[in-house]
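Take a look at the letters that make up each chain.
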Amino acid sequence: MARRKISLVGAGQIGGTMALALAQKQLGDVVLVDVVEGIPQGKALDIMEGRLSIGTSTVLTGTNDYSDLAGSDVVIVTAGVPRKPGMTRDDLLNINFGIIEKVGQAISASAPNAFVIVVTNPLDAMVYAMQKISGLPAERVVGMAGVLDSSRLACFVAMELGVAADDVQAVVMGGHGPSMVSLYDFVSVSGIPLPQLMNRETFDALSKRTAMAGDEIVGLLKTGSAFYSPGLSAVKMAEAYLLDKKNVLTCAALLNGQYGVNGLYCGVPVIIGANGVEKIIEVKLSGEEKVAFDKSVEAVKGNAEWVDGKMKG
Ligand code: APR
């Protein structure tokens, strides 16, 4: 079988992290695309030169030309500006919409058969804009947020309990912002329901930390936002698609009536396989959780309406 092609639009911090992770996993050849001359070429060559040490034959190239997206199996989009301290994700709306517009048109022209994963913030609005602009079917346009948010919650639970990080499973739903919803009953430690191991009060504190985890990293880094864990989360989604794994992952997917939401992208558990988003899973939420989820949807809706206004204008 021919090698698969994974294109990364945006060769910044997250783009570089993904390129390395993809090379380590040998999921396919990697094309880094960026508007800045030299950065994608330099990062590609740098990883190429390290291949002997990690034992991979992945070929990486860098380009400033969107037409090199042609034939991509997967396109992961991080093109945009990251958050600086004091900036909310929504402050980014205006700048990043203009970038997604260009990238969406390029994907539509050069890679209409790709599975597209959007990472650029504000996530729910950017993935919504990407689907509308590219015109690709919604099952092949998803947003990376829930995988990261769930992984952050799982990390905090593991640290609190002193257990292995990869023994903890978690589900964080809703929009990728302060209103995201961490689900207490849905966390398990090697199959043991969290409520048997941790009281609600402790969980609520971890859930709060999860909702602000992006800001916590911005506050520490000062010159940018998180990139290792977002990059690894997006690669996990790409892997589920490329290997037809049918992984259950929380992703921003276009809802068509599920959870009482119509025509909006929002973080929900989905099955990802060779057909993209193969199923949206509707889980039962408690009354309190449903209220929190609906509130989160309202925040997402505001940004989606902003995108609609921009596209009409
Ligand atoms: N086409 C291609 N690349 C672009 C474009 C464009 N139109 N506009 C900007 N870029 C590139 C920048 O040149 C930069 O190299 O996108 C890259 C973004 O990289 P970083 O600034 O390092 O940002 P990063 O940390 O990777 O985050 C990217 O993901 O999590 C979100 O909020 C974050 O929106 C941000 C995005």
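Because the structure is a prediction, the values reported are computed rather than measured.

1. Comments concerning the site of the ligand
Link 1 in the chain: The ligand sits among 20 residues. The nearest are Gln13, Ile14, Asp34, Tyr66 and Thr78.
Link 2 in the chain: With respect to the ligand, the backbone of Ile14 contributes an N or O atom lying 2.8 Å from an oxygen atom.
Link 3 in the chain: Every element with two or more residues in the shell around the ligand is listed here: α1 (13-25) and α4 (93-110).
Link 4 in the chain: Across the shell around the ligand, the residue classes tally to eleven nonpolar, eight polar and one charged.

2. Here we look at the environment of Val181
Link 1 in the chain: Tracing the backbone shows Val181 in strand β9 (residues 181-182).
Link 2 in the chain: Residues Val181 and Ser207, spaced 26 residues apart in sequence, show a C-alpha to C-alpha distance of 7.9 Å.
Link 3 in the chain: Setting aside chain neighbours within four positions, we find Val181 in contact with Val171, Val172, Met173, Glu289, Ala292 and Phe293.

3. Focus: the state of the cysteines
Link 1 in the chain: One pass over the full model with this rule turns up zero disulfides.
Link 2 in the chain: Free cysteine Cys155: the closest other cysteine sulfur is in Cys251, separated by 20 Å.
Link 3 in the chain: On the basis of relative accessible area, Cys155 is assigned to the partly exposed category, the value being 32%.
Link 4 in the chain: Between Cys251, a free cysteine, and Cys266, which holds the nearest cysteine sulfur, the sulfur-to-sulfur gap is 12 Å.

4. Some words on the nonpolar core
Link 1 in the chain: If you look at the biggest cluster of nonpolar residues, it comprises 86 residues, and the most contacted ones within it are Val116, Ile117 and Phe293.
Link 2 in the chain: No other element matches helix α5 (residues 123-134), which puts eight residues into this core.

5. Looking at the side chain of Gln258
Link 1 in the chain: Take Gln258: it is sitting in the loop between β12 (247-256) and β13 (262-273).
Link 2 in the chain: Classification of Gln258 by relative accessible area gives buried; the value is 19%.
Link 3 in the chain: Of the polar contacts made by the side chain of Gln258, one reaches the backbone nitrogen of Asn256; its length is 2.6 Å.
Link 4 in the chain: Residue contacts for Gln258: discarding those within four places in its chain leaves Ile280 and Glu282.

6. Some words on the packing of aromatic side chains
Link 1 in the chain: Applying the stated criterion across every chain, the model contains five aromatic pairs.
Link 2 in the chain: Judged by centre distance (5.3 Å) and plane angle (45 degrees), the rings of Tyr259 and Phe293 are tilted. Separated by 34 residues along the polypeptide, Tyr259 in the loop between β12 and β13 and Phe293 in helix α10 (residues 287-312) bring together distant segments of the chain. Of the two residues, Tyr259 and Phe293, neither departs from the other in class, the shared state being buried.

7. Brief notes about a nonpolar patch on the surface
Link 1 in the chain: A contiguous nonpolar surface patch, about 270 Å² in accessible area, is contributed by Val35, Val36 and Ile39.
Link 2 in the chain: Looking at where Val36 falls in the secondary structure, it is placed in the loop between β2 (29-33) and α2 (39-49).

8. As for the pattern of salt bridges
Link 1 in the chain: In this structure the tally under the stated criterion is nine salt bridges.
Link 2 in the chain: Between Lys25 and Glu239 there is a salt bridge, with its nearest N and O atoms 3.0 Å apart. Residue Lys25 is found in helix α1, and its partner Glu239 is found in helix α9 (residues 228-242); the two are separated by 214 residues along the sequence.
Link 3 in the chain: Overall, Glu239 belongs to the buried group, its relative accessible area being 14%.
Link 4 in the chain: The partner of Glu278 in a salt bridge is Lys246, with the nearest N and O atoms 2.9 Å apart. Here Glu278 is found in strand β14 (residues 276-280), whereas its partner Lys246 is found in the loop between α9 and β12, with 32 residues between them in sequence.
Link 5 in the chain: The class for Glu278 is partly exposed, based on a relative accessible area of 29%.
Link 6 in the chain: What you see here is one network of salt bridges that share partners, running through Asp244, Lys246 and Glu278.

9. Looking at the pairing of β2
Link 1 in the chain: By the criterion of burial, β2 is predominantly enclosed, with five of the five residues buried.
Link 2 in the chain: As for the winding sense of the linkage, the β-α-β connection from strand β1 (residues 5-9) through α1 to β2 is right-handed.
Link 3 in the chain: Here four bridges tie β2 to strand β3 (residues 60-63), and the two strands are oriented parallel to one another. Among the inter-strand pairings, Leu32 is bridged to a residue of β3, identified as Gly62.

What counts and what doesn't
- Residues numbered from 1 in each chain as written.
- Predicted model: local features only at pLDDT ≥ 70, side-chain atom pairs only at ≥ 80, totals over all residues.
- Heavy atoms only, no water.
- Near = heavy atom within 4 Å.
- Polar contact = N/O pair within 3.5 Å; in protein donor to acceptor, adjacent residues only side chain to side chain.
- Helix = DSSP H or I, 4+ residues; strand = E, 2+ residues; numbered from the N terminus.
- Nonpolar A, V, L, I, M, F, W, Y, C, P; charged D, E, K, R; others polar.
- Contact = heavy atoms within 4.5 Å.
- Disulfide = S-S within 2.5 Å.
- Buried < 20%, exposed > 50% of the residue type's maximum accessible area, 1.4 Å probe, protein only.
- Core = buried A, V, L, I, M, F, W, Y, C linked by side-chain atoms within 4.5 Å.
- Phe/Tyr/Trp six-rings, centres within 6.5 Å; stacked < 30°, edge-to-face > 60°.
- Patch = residues over 30% accessible without salt bridge, like charges linked within 9 Å, V, L, I, M, F, W, Y side chains within 5 Å.
- Areas by Shrake-Rupley, 256 points an atom, 1.4 Å probe, with all protein chains shown as cover.
- Salt bridge = Lys/Arg side-chain N within 4 Å of Asp/Glu carboxyl O.
- Right-handed = clockwise from strand over helix to strand, strands pointing away.
- Pairing = 2+ DSSP bridges.

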